Amino acid sequence: KAFEQDPDYAAAYTMAAWTLLMQQSISGVPLTTEMRIDAIRLAHLGSRRGTDDAFALARSGHVLTYLGHEYDRGASMVEQAVALNPNLAIAWYSRGWVSLMCGENERAIESFDRMIRLSPLDPLRVRAWNGSSFAFFGLGRYEDGFVSATKAIQFLTDAQSLGAYIVNAVRAGHAVEAREAVAQLLKLQPDFRASHAQEAFPMRSQEARDRITAALRDAGLPD
């Protein structure tokens, strides 16, 4: 309704796209083709109408990376967002996730830490811990990833947070905890499968996606 009343309201397009991103992120189950196309379309509209809007650029870049797999464009947009407003927490948050998906794990951790320093009580700090746990997994720092993921699931349990917990737990040697988290994930999302990790955690590197998928399988998540 917001962008219907104001066709130039960039943030409204962006947030409409964001709700679709969150649907896939929370459930872990890929969106339908129609929903994915709609989210990408809305993110493009938001970015075109918000060329000087750090909020719109950050969130549109996140959507285009996660659902559109436009890694280079998404990275450029989040960098532009933090340059426009280096004090905007959501810009650093989106930079963290986009950096993670692009395989820049240390940059992702740095971005999430910066976001939390700027907004220490932000509800999204839980998802920042979640993002950092995936980045630690990418670096092979599984125990650090397990600690970060443990913090996240104390506040939030869904496919995204439990996925990060499981992959770090199984690789850090916490097999019992990993199996318990798999059971919890399947109770929340009975249709989630290890193969869904290819879309649920869309890293640019196929090798990175395969590592996540393999860890989920090793923890007992069915195909």
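Residues numbered from 1 in each chain as written. Predicted model: local features only at pLDDT ≥ 70, side-chain atom pairs only at ≥ 80, totals over all residues. Heavy atoms only, no water.

### Quick word on unusual backbone geometry
The test is simple: Put simply, DSSP marks the helices as runs of H or I at least four residues long and the strands as runs of E at least two long, and each gets a number from the N terminus on. Only protein chains enter the accessibility calculation, which uses a 1.4 Å probe; a residue whose area is less than 20% of its type maximum is buried, one above 50% is exposed, and one in between is partly exposed.
The phi dihedral of His-69 is positive, around 55 degrees, even though this residue is not glycine. Along the polypeptide, His-69 turns up in the loop between α4 (54-66) and α5 (71-84). Judged by relative accessible area, which is 27%, His-69 ranks as partly exposed.

### Comments concerning helix α8 (residues 125-138)
Cut-off, in case you're wondering: By this rule, a helix spans an expected 1.5 Å times one less than how many residues it contains.
The end-to-end C-alpha distance of α8 is 20 Å, a good match for the 20 Å that 14 residues give at a rise of 1.5 Å each. With respect to burial, α8 is a largely interior element, 13 of its 14 residues being buried. Phi turns positive one or two residues past the end of α8, at Gly-140, with a value near 80 degrees.

### Regarding the side chain of Ser-132
So the rule is basically this: Residue contacts are defined here by distance: any two heavy atoms, one from each residue, within 4.5 Å place the two residues in contact.
By the element assignment, Ser-132 lies in helix α8. Excluding anything up to four places from it in sequence, Ser-132 contacts Ile-109, Phe-112 and Ser-148.

### Points about the environment of Val-78
Inspection of the secondary structure assignment puts Val-78 in helix α5. When the C-alpha atoms of Val-78 and Tyr-93 are compared, they prove to be 9.3 Å apart, with 15 residues separating the residues in sequence. Apart from the residues within four sequence positions on either side, Val-78 is in contact with Ala-58, Ser-94, Arg-95 and Val-98.

### Topic: the pattern of salt bridges
Note the threshold: Definition used for salt bridges: Asp or Glu carboxyl oxygen within 4 Å of a side-chain nitrogen of Lys or Arg.
Considering all chains together, one arrives at 12 salt bridges under this definition. Asp-218 is the partner of Arg-171 in a salt bridge, and the nearest nitrogen-oxygen pair spans 2.8 Å. On the criterion of sequence distance, the pair formed by Arg-171 in helix α10 (residues 159-172) and Asp-218 in helix α13 (residues 206-218) is long-range, its members being 47 residues apart. It is possible to trace a salt-bridge network through shared partners that takes in Glu-79, Arg-95, Glu-104, Arg-107 and Glu-110.

### Remarks on the environment of Ser-161
Within the element layout of this structure, Ser-161 appears in helix α10. The class for Ser-161 is buried, based on a relative accessible area of 1%. The spatial distance from the C-alpha of Ser-161 to the C-alpha of Arg-171 is 16 Å, given a sequence separation of 10 residues. With residues near it in sequence (within four places) discarded, Ser-161 still touches Asn-130, Ile-153 and Leu-156.

### Observations concerning the nonpolar core
Applicable threshold: Residues belong to one nonpolar core when they are buried, are Ala, Val, Leu, Ile, Met, Phe, Trp, Tyr or Cys, and are joined through side-chain atoms within 4.5 Å.
Formed by 70 residues in total, the largest nonpolar core has its most connected members in Leu-67, Tyr-93, Phe-134, Phe-192, Phe-201, Ile-212 and Leu-216. By residue number, the principal contributor to this core is helix α6 (residues 89-101), which donates nine residues.

### Side note on the packing of helix α3 (residues 33-49) against α4
The test is simple: Between the N-to-C directions of two axes lies an angle of 0 to 180 degrees, each axis being a line fitted to C-alpha atoms and, for a helix, fitted only over the stretch in contact. Every angle not falling under 35 degrees, over 145, or within 65 to 115 is termed oblique; those three ranges are roughly parallel, roughly antiparallel and roughly perpendicular. Crossings are sorted by hand: turned counterclockwise from the far helix by less than a right angle, the near helix makes the crossing left-handed, and turned clockwise it makes it right-handed.
Where α3 meets α4, the axes come as close as 9 Å, and the angle between the chain directions of the two elements is 150 degrees. When the axes of α3 and α4 are compared, the pair comes out roughly antiparallel. The hand of the α3/α4 crossing is left-handed. Here α3 contributes Arg-36, Ala-39, Ile-40, Ala-43, His-44, Gly-46 and Ser-47 to the contact with α4, which in turn contributes Ala-56, Leu-57, Ser-60, Val-63, Leu-64 and Tyr-66.

### Here we look at the packing of aromatic side chains
Rule in force here: Only centres within 6.5 Å qualify two rings of Phe, Tyr or Trp (six-membered ring in Trp) as a pair; their planes then separate them into stacked at under 30 degrees, edge-to-face at over 60, and tilted for everything else. Put simply, a charge is over a ring when the Lys NZ or the Arg CZ is close to the ring centre, within 6 Å, and near the line of the ring normal, within 35 degrees.
Applying the stated rule across the entire model yields nine aromatic pairs. Relative to Phe-201, the ring of Phe-134 has its centre 5.0 Å away and its plane inclined at 45 degrees; by these criteria the two rings are tilted. Note that Phe-134 is positioned in helix α8 and Phe-201 in the loop between α12 (197-200) and α13, a separation of 67 residues in sequence. One aromatic cluster in this structure is built from Trp-18, Tyr-93, Trp-97 and Phe-112. The aromatic ring of Phe-137 is capped on one face by Arg-211, whose charged end is 4.7 Å from the ring centroid.

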